[in-house]
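# Working through the structure, step by step
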Amino acid sequence: MKFKKDSKLQLVKTLDESLYYWAFKDIEKAAINSDAKMAGFMLGACFIDALSGFYSGLVRKDIKSGSAKRFKNFVKRYLPKYDSELLYGDLRCGLVHSYSAGETYVFTDANKVGKHFEATSTGKIILNLEDFILDLHNAYNNYRKDILENIDMYKNAEKRFLSIGIMQSLDVSKI
């Protein structure tokens, strides 16, 4: 699908429908409206992965290489309070590949106000789920704004979309 003249708006609308209303809202549902708290962190790491592909202009042939660099670059720009190395290595890789928080993080939820990024007595960094989700929400909104305002950001997102696509809902009545 090649976008037309008002393609920035069309692309952002597509990303909103897929990444925001499906992926991000699933993070909120899993984390806030259920007892699937760990799912909120895992889906959050996957959400960052997905956004980083659009941010970098990922194309199909590069899917299996460069994910660490893409992820870290996105985190540096849109989640600057986080250490990109730790977020990738311990949070993302730890959760996705071994269902662990690595050696750096411990998780909490239920609005532990003032605990996000604090250190435990053992030196681990506390990540509060609600704060993490809010940070993801802000990162998405800032990235979305950049697509609309920055031609290079738009071109990267468009290149990623045209090369790999994105999950979208299908109106089965039109099949």
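This text gives an overview of the structure that appears in the document. (Residues numbered from 1 in each chain as written. Predicted model: local features only at pLDDT ≥ 70, side-chain atom pairs only at ≥ 80, totals over all residues. Heavy atoms only, no water.)

### Looking at the overall build of the protein
Definition in use: Strands here are runs of E lasting at least two residues and helices are runs of H or I lasting at least four, both read from the DSSP assignment and numbered beginning at the N terminus. All radius of gyration figures rest on C-alpha atoms, and the globule criterion is 2.2 Å times the number of residues raised to 0.38. For the exposure calls, accessible area comes from a 1.4 Å probe over protein chains only, and a residue counts as buried if that area is under 20% of its type's maximum, exposed if over 50%, partly exposed in between. Should any heavy atoms of two residues lie within 4.5 Å, those residues are counted as being in contact. Calculation of accessible area relied on Shrake-Rupley with a 1.4 Å probe; when residues are assessed, cover is drawn exclusively from the protein chains displayed. Only four residue types enter the charge count: Lys and Arg as positive, Asp and Glu as negative, with His and the chain ends excluded. Every charge is mapped to an atom, namely NZ of Lys, CZ of Arg, CG of Asp or CD of Glu.
Of the regular secondary structure elements, the protein holds six helices and two strands. For the protein, the N- to C-terminal ordering of α and β elements is α-α-α-α-β-β-α-α. Radius of gyration (C-alpha) of the protein: 17 Å, near the 16 Å computed for a compact globule of 175 residues. Dimensions of the protein, computed from the C-alpha atoms along their principal axes, are close to 55 × 35 × 30 Å. Here the protein, with 175 residues, has 41% of them falling under the buried criterion. Counting contacts in the protein only where the partners sit at least 6 residues apart, residues at least 24 apart contribute 57% of the total. Summing over all exposed atoms, the protein offers an accessible surface of approximately 9,700 Å²; the carbon and sulfur share of this is 53%. Taken together, the 27 basic and 22 acidic charged side chains of the protein have centroids lying 7 Å from each other.

### A closer look at the pattern of salt bridges
For the record, the criterion: Counted as salt bridges are all cases of a side-chain nitrogen of Lys or Arg within 4 Å of a carboxyl oxygen of Asp or Glu.
Going through the model one piece at a time under the given rule, you end up with ten salt bridges. The salt bridge partner of Asp16 is Arg144, with a shortest N-O separation of 2.8 Å. Residue Asp16 is located in helix H1 (residues 7-32), and its partner Arg144 is located in helix H5 (residues 129-149); the two are separated by 128 residues in the primary sequence. For Arg144, a relative accessible area of 27% gives the class partly exposed. With a closest N to O distance of 3.9 Å, Lys115 and Glu118 form a salt bridge.

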